[in-house]
Amino acid sequence: MTSVKEQAAISRLLSFLQDWDNAGKVTRSHILNNFIETNQGKTAPELEQEFSQGASLFLVRLTTWLRLTYMTGSRLDKLLRSIGIFLSAVSSNRYLVEFLEVGGALTLLEILALKKIEEEDKKESIKLLQVIANSGRKYKELICESYGVRSIAEFLAKSKSEETQEEVQILLDSLIHSNPKYQNQVYKGLIALLPCASPKAQQLSLQTLRTAQSIIGTTHPGIVDGVLKVLRTMHLEVQYEAIELIKDLVNYDVCPALLKGLVALLRPSFEETSKQQSQIVSDSSVLQLTAHLPLFLQQAAAAKAIGILARGNTSLAEEMLHLRVVHSLMAAMGNMDHSNSQRQASLTLEVRWAAGRRGGHSAWARQSRPLARPRSTLCSYSQWWRSTCAGPWGRNSTSSSV
């Protein structure tokens, strides 16, 4: 027989559940406020004691209300935080299983795609997905099997809150670890994020890609084109992460393609550049010069990346010499429309030329010496290039090659 104390506890639980069942939105919001304040950080045994061994009865009501209301655009932050108290409690595996059995993970992923739901609510949804992913490998696989990687990546690209995007990065980082069955899916999802319009999403994707690359060990062919296109960004924090990833990628099988791509970026194709020039001629607005900007930013970033790689690795410098990198750097120095391209190319040439004169890189020195005449300043280099080389930036350019 149950004691009087136990009967009183059960009676309080039934009364609480009845109050919840009969309450409207405002009253339920107050109930959730009280629940969050009094139960934050409690373990699963403590929650069971609080609810007289009937905590699951309240959790199922929270889950049911979530599934009934999330499509309407109602505020979900308190409801999701309340569910999070159950899922994040120590020894809470029972609650987690109960939540997932009724489609909890799918509901959280669907919340991310709904436009009418507030950003803060989506952030809470991401936090719950973090709790699920951190609970073990089989739960990470469940998220991935539910098309979670695509939903999470799309949300990262579209989110307007940097704080929320950082939470998404934590989730993706969790999914890439200890998840051999789907880690390639996460890796490809990160590569697919590189062309997105959000600089913060690009930055976080590049950071996570470095971790993913070290875990997977092999490269995807699309990563070279993806990271080189990111160099067009005007955001220095994104450019930094792209160059850091490039420094890692030269240690993999894509190194030849990556070096070839970097050198090619120093000399944008004549067709692409001349098309932009014709647009400028046809429009008197000086603002049309911005049509050049992505190519010029990419050119300057490529020169900077080449300098970093060459300083750190002699063998990479020699490989780039075979790709005629010095000639391409001189072409970049002749770009009078973008001073940073000139500056980065000049710095790269100057450092390697100085090393070459000391005997450290004779091949680089030999390739540089015919170009490094007494006119060694940036201005004279540019004048020399314009007067001797045909190209898209030459005043009297008639050839399609730079």
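Residues numbered from 1 in each chain as written. Predicted model: local features only at pLDDT ≥ 70, side-chain atom pairs only at ≥ 80, totals over all residues. Heavy atoms only, no water.

1. Observations regarding the environment of S328
Moving on, step 1. Residue position: S328 is located in helix 20 (residues 325–333).
Moving on, step 2. Taking the C-alpha atoms as reference points, S328 and L266, 62 residues apart in sequence, are found 5.6 Å from one another. (Helix = DSSP H or I, 4+ residues; strand = E, 2+ residues; numbered from the N terminus.)

2. Observations regarding the pattern of salt bridges
Moving on, step 1. Under the counting rule described, the total for this entry stands at 17 salt bridges.
Moving on, step 2. E48 is the partner of R94 in a salt bridge, and the nearest nitrogen-oxygen pair spans 3.6 Å. Within this pair, whereas R94 is found in helix 6 (residues 93–101), its partner E48 is found in helix 3 (residues 44–50), the two being separated by 46 residues in sequence.
Moving on, step 3. When its relative accessible area of 46% is taken as the criterion, R94 is described as partly exposed.
Moving on, step 4. By relative accessible area, which is 7% here, E48 ends up buried.
Moving on, step 5. Where salt bridges share partners, they join R75, D77, R81, D121 and E124 into one cluster. (Salt bridge = Lys/Arg side-chain N within 4 Å of Asp/Glu carboxyl O. Buried < 20%, exposed > 50% of the residue type's maximum accessible area, 1.4 Å probe, protein only.)

3. Notes on the environment of I85
Moving on, step 1. Counting through the fold element by element, I85 comes out in helix 5 (residues 77–87).
Moving on, step 2. A sequence separation of 44 residues divides I85 from G41, and the C-alpha atoms of the two residues are 6.9 Å apart.
Moving on, step 3. Once residues lying within four places of it in the same chain are set aside, the contact partners of I85 are F35, I36, N39, Q40 and L47. (Contact = heavy atoms within 4.5 Å.)

4. What to know about the packing of aromatic side chains
Moving on, step 1. All told, the structure shown has 11 aromatic pairs when counted by the stated rule.
Moving on, step 2. Consider the rings of F51 and F86, whose centres lie 6.5 Å apart with planes at 40 degrees: the pair is tilted. A residue pair is termed long-range when its members are at least 10 positions apart, and F51 in the loop between helix 3 and helix 4 (55–69) and F86 in helix 5 qualify at 35 residues.
Moving on, step 3. Through pairs of rings, three or more aromatic residues link up here, namely F16, W20, F35, F51, F58, W65, F86 and Y95.
Moving on, step 4. Of note, R28 hangs over the ring of W65, and the distance from its end group to the ring centre comes to 5.2 Å. (Phe/Tyr/Trp six-rings, centres within 6.5 Å; stacked < 30°, edge-to-face > 60°. Lys NZ or Arg CZ within 6 Å of the ring centre and 35° of its normal.)

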